[in-house]
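Structural overview for review
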Amino acid sequence: MEEFEASASSKKTKTIYISTVFGIAMVLVMVGLLGLILVHANNLSRYVKENIVLNIFVDDAAHETDVLQLQKQLDGNPMVKQTQYVSKELAARNLQKDLGEDFVKFLGYNPLSQSLDVYLKADYTNNKDIEKFKADLLKNPLVKEVKYQQSLVDQMNQNVGSISLVILVFAGIFVVLSVALINNTIRLAIYSQRFLIKSMQLVGATKGFIRKPFLFYGMWHGLLGGLIAIILLIGTLYLAYRQVPDLVILQNKTEFGIVFLGVIGIGIFISAFSTFLAVNKFLRLKIYDLYR
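Residues numbered from 1 in each chain as written. Predicted model: local features only at pLDDT ≥ 70, side-chain atom pairs only at ≥ 80, totals over all residues. Heavy atoms only, no water.

Now for the UniProt feature "transmembrane region" (unreviewed entry) in the protein chain. Mapped onto the present numbering, the UniProt feature "transmembrane region" (unreviewed entry) falls at residues 16-39, 160-182, 222-241 and 256-279. Annotated as residues 16-39, this span is 100% helix and 0% strand, and its ends, taken at the C-alpha atoms, are 34 Å apart. Along residues 160-182 one finds 100% helix and 0% strand; the C-alpha atoms at either end are 32 Å apart. (UniProt positions renumbered as here; feature names shortened; annotations may be inferred. Helix = DSSP H or I, 4+ residues; strand = E, 2+ residues; numbered from the N terminus.)

Now the structure itself:
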């Protein structure tokens, strides 16, 4: 009979721990999804910013070697991500493709100027930095005109700021809810062990000695929950990239790695901290309070 009760108790404990691990994993999946959304939103913002082009039109009398020298100088500018030289012939071909007809043959000459297309780094894609960059360029005698879509830059930065604020607010709320859910899951698991905790205390075990195995299992459950969450997140990313292949351009394995490590770290920390609080609570309780 005693062996049967011990076996039943062991199975019950294992069931509780398994449900605890999966409960933690499900919460961490949601935390990880939020992290991946933030990463993709940030990368999308950067991608859009770094694809805004500044058209630098040079003097018609400028030699190609001088323009290429200017391009080389721009490539060394810390604000510039990349540049592209557009010759008169290439500009004509691009415009012919857009118009659908050969305007050069109609006019009898090519009226377009050679130019440089400049793409700035995301941190500098705002009107203040662009205007300063433009003013410096116009001091160069080769540069005739600099054009860019100012209204697009303004609208983009406003939208990015608003969307970022909304995402951060939701992130804060979700993190608080996640902590609460994991904490409740851990407390319920420890609740089933309250009599064991009190028995150990009654036979003279110190609080540190009693807490140690519970903290170890708490951290272990947080680690397992984090690993299960990462497997599910990788599966979610795989399905998302299959459904929307263009998302690949927003992929950043380093940032994904940080998110995954963060998921594991959050799982271990919250599980250990919640376990510590729950065990302390039952260590302080009187025997008759354990039945309430």
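Okay, back to it.
Mapped onto the elements, Leu36 comes out in helix α1 (residues 2-49). Expressed as a C-alpha distance, the spacing of Leu36 and Leu237, which sit 201 residues apart in the sequence, is 8.9 Å. Residues within four places of Leu36 in sequence aside, it is in contact with Leu233, Leu237, Phe256 and Val259. (Contact = heavy atoms within 4.5 Å.)

As a packed pair, helix α5 (residues 127-138) and helix α6 (residues 150-191) sit with axes 10 Å apart at the nearest point and diverge in direction by 150°. Here α6 runs roughly antiparallel to α5, going by the angle between their axes. Along its contact with α5, which presents Asn127, Ile130 and Glu131, the element α6 presents Gln150, Val153 and Asp154. Tallied by class, residues from the contact of α5 with α6 come to two nonpolar, two polar and two charged. (Axes fitted to C-alpha atoms, helices over the stretch in contact; angles between N-to-C directions. Parallel < 35°, antiparallel > 145°, perpendicular 65-115°, else oblique. Nonpolar A, V, L, I, M, F, W, Y, C, P; charged D, E, K, R; others polar.)

Each aromatic ring pair is described using two quantities: the centre-to-centre distance and the angle formed by the ring planes. Summed over the entire model, instances satisfying the criterion amount to two aromatic pairs. Note on Phe216 and Tyr217: the rings are 5.6 Å apart at their centroids and 75° apart in plane angle, and the pair reads as edge-to-face. A residue is classified by how much of its surface remains accessible, and Phe216, at 53% relative accessible area, is exposed. Relative to Phe273, the ring of Phe269 has its centre 6.0 Å away and its plane inclined at 5°; by these criteria the two rings are stacked. Taken together, the residues span about one helical turn, with Phe269 and Phe273 both in helix α9 (residues 253-284) at a distance of four residues. For Phe269, a relative accessible area of 58% translates into the label exposed. (Phe/Tyr/Trp six-rings, centres within 6.5 Å; stacked < 30°, edge-to-face > 60°. Buried < 20%, exposed > 50% of the residue type's maximum accessible area, 1.4 Å probe, protein only.)

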